[in-house]
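# Topology and contacts: notes
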Amino acid sequence: MSRLRAGIRTDFQVQVRNNLYAIGIIVSVILAIAMAFLARPDQLPIVAAAALILIAGGSTLLYVGAMIVFEKDEGTLRALTVSPVRSWEYLGAKVITLTIIAAIETAIIVGGATVILSADATIPIPNVLLLLLATVAMSVLYTLIGIIMVVRFRSITDYLVPLSFLATILQLPFFYFMGVFAHPSLLAIPTSAPAMILMSAYRPLLPWEWIYGLGYTAVLLVGLSVWANAAFNKHIIGGAE
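The present account deals with the structure reproduced in this document. (Residues numbered from 1 in each chain as written. Predicted model: local features only at pLDDT ≥ 70, side-chain atom pairs only at ≥ 80, totals over all residues. Heavy atoms only, no water.)

Here Thr99 is to be found in helix H5 (residues 87-117). Sequence separation between Thr99 and Val140 is 41 residues, and the spatial gap between their C-alpha atoms is 6.3 Å. (Helix = DSSP H or I, 4+ residues; strand = E, 2+ residues; numbered from the N terminus.)

Laid out in structure tokens, this is it:
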């Protein structure tokens, strides 16, 4: 656990030094203002879904890819192969710190939009604990997917092309929750499950929605954790990147 704490501290320092928090906060404030002016009060759940699926999740994919590619170039990952740090400790630090950034971004966008919209109308106030649960689940999911992808590439430019394609697919459930294309096939996309949990912060869920949201999320996070650890060991530790 001491190595995990050290990894979290190091990642946090690197993220602060590279202005990830500053960038995330500034962009989130701008987006909160924009979404508040573009959305009606009754569309606040959609604003929250957009913040979680499109913005916080998309930025997490970029952040984790950039961090791991940077550490490849700096030789940090090569040193990791002969250090006592275990792969799950290294990956756990990434998941925890990037989830914190995503939570801050989501809180600013949803909270800011809520405050602005409440000036002119009565708006639904979300269940904060369920909103936090959805944010954590979505952020961990995106981070693990990013790890699984980026360990296969040597440069950030190589990573960006497949990233764009995958991000488009992962963001399709936004249309389901927006009601534009509510086809059940979209619920098979991993990001749909945490988004369903987010909906519970604004409205009661049906029994099948609870089972789907919590159950599918749990299965995904366990499966992706195992896959991410295996991919990291194969392509980084085994490949001596």
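One pass over the structure, following the stated rule, counts three salt bridges. Residue Lys94 is joined to Asp11 by a salt bridge in which the shortest nitrogen-to-oxygen separation is 3.1 Å. Note that Lys94 is positioned in helix H5 and Asp11 in helix H1 (residues 2-17), a separation of 83 residues in sequence. On the basis of relative accessible area, Lys94 is assigned to the buried category, the value being 1%. Under the relative-accessibility criterion, Asp11 is labelled buried at 4%. Note that Lys94 is salt-bridged to Glu71, the shortest N-O span being 3.3 Å. With Lys94 in helix H5 and Glu71 in helix H3 (residues 44-74), the pair connects residues that are 23 residues apart, well separated along the chain. As far as the burial class goes, Lys94 and Glu71 line up, both buried. Each member of the salt-bridge network shares a partner with another, and the members are Asp11, Glu71 and Lys94. (Salt bridge = Lys/Arg side-chain N within 4 Å of Asp/Glu carboxyl O. Buried < 20%, exposed > 50% of the residue type's maximum accessible area, 1.4 Å probe, protein only.)

This brings us to the packing of aromatic side chains. Within this structure, the stated rule accounts for six aromatic pairs. Taking the centre distance of 5.6 Å and the plane angle of 40° together, the rings of Tyr212 and Tyr216 count as tilted. One end of the pair is Tyr212 and the other is Tyr216, both in helix H10 (residues 207-237) and four residues apart, which spans about a single turn. Classification of Tyr212 by relative accessible area gives buried; the value is 15%. For Tyr216, a relative accessible area of 25% translates into the label partly exposed. (Phe/Tyr/Trp six-rings, centres within 6.5 Å; stacked < 30°, edge-to-face > 60°.)

With that settled, consider unusual backbone geometry. Peptide bonds are, in most cases, trans, and in most cases residues other than glycine have a negative phi. A positive phi angle is found at Asn19, which is not glycine, with a value near 65°. Mapped onto the fold, Asn19 is located in the loop between H1 and helix H2 (20-38). We classify Asn19 as partly exposed; its relative accessible area is 43%.

A separate point is the nonpolar core. With 74 residues, the main nonpolar core has Leu61, Leu198 and Phe232 as its most contacted residues. The dominant element in this core, judged by the number of residues it contributes, is H3, at 16 residues. Apart from the residues within four sequence positions on either side, Phe232 is in contact with Leu77, Leu80, Ser87, Tyr90, Leu91, Val151 and Ile237. (Core = buried A, V, L, I, M, F, W, Y, C linked by side-chain atoms within 4.5 Å. Contact = heavy atoms within 4.5 Å.)

Below, the discussion takes up the packing of helix H9 (residues 192-199) against H10. Packing of H9 against H10 brings their axes to within 8 Å, and their N-to-C directions diverge by 130°. Considering the angle they form, H9 stands oblique to H10. Of the two elements, H9 crosses H10, and the hand of that crossing is left-handed. Here H9 contributes Ser192, Ala193, Pro194, Met196 and Ile197 to the contact with H10, which in turn contributes Trp208, Glu209, Tyr212, Gly213, Leu214, Tyr216 and Thr217. Residues of the contact of H9 with H10, tallied by class, amount to eight nonpolar, three polar and one charged. (Axes fitted to C-alpha atoms, helices over the stretch in contact; angles between N-to-C directions. Parallel < 35°, antiparallel > 145°, perpendicular 65-115°, else oblique. Left-handed = near helix turned anticlockwise from the far one by under 90°. Nonpolar A, V, L, I, M, F, W, Y, C, P; charged D, E, K, R; others polar.)

A separate point is the side chain of Thr135. By secondary structure assignment, the location of Thr135 is in helix H6 (residues 128-150). Judged by relative accessible area, which is 3%, Thr135 ranks as buried. In this structure Thr135 touches Leu52, Ala102, Ala103 and Thr106, once residues within four positions along its chain are discounted.

Moving on: a nonpolar patch on the surface. A cluster of nonpolar side chains, Ile25, Val29, Ile33, Phe37, Ile96, Ile100 and Ile104, forms an exposed patch at the surface whose accessible area comes to about 590 Å². If you list the elements that add at least two residues to the nonpolar patch, you get H2 and H5. Following the sequence through the fold, Ile104 ends up in helix H5. (Patch = residues over 30% accessible without salt bridge, like charges linked within 9 Å, V, L, I, M, F, W, Y side chains within 5 Å. Areas by Shrake-Rupley, 256 points an atom, 1.4 Å probe, with all protein chains shown as cover.)

Packing of H3 against helix H7 (residues 156-170) leaves a shortest axis separation of 11 Å and a crossing angle of 160°. By the angle between their axes, H3 is roughly antiparallel relative to H7. For the crossing formed where H3 meets H7, the hand is right-handed. Within the contact between the two elements, H3 uses Ile53, Leu61, Leu62, Val64, Gly65, Ala66 and Val69 and H7 uses Ile156, Tyr159, Leu160, Leu163, Ala167 and Leu170. Each residue belonging to the contact of H3 with H7 can be placed in one class, and the counts come to 12 nonpolar, one polar and no charged.

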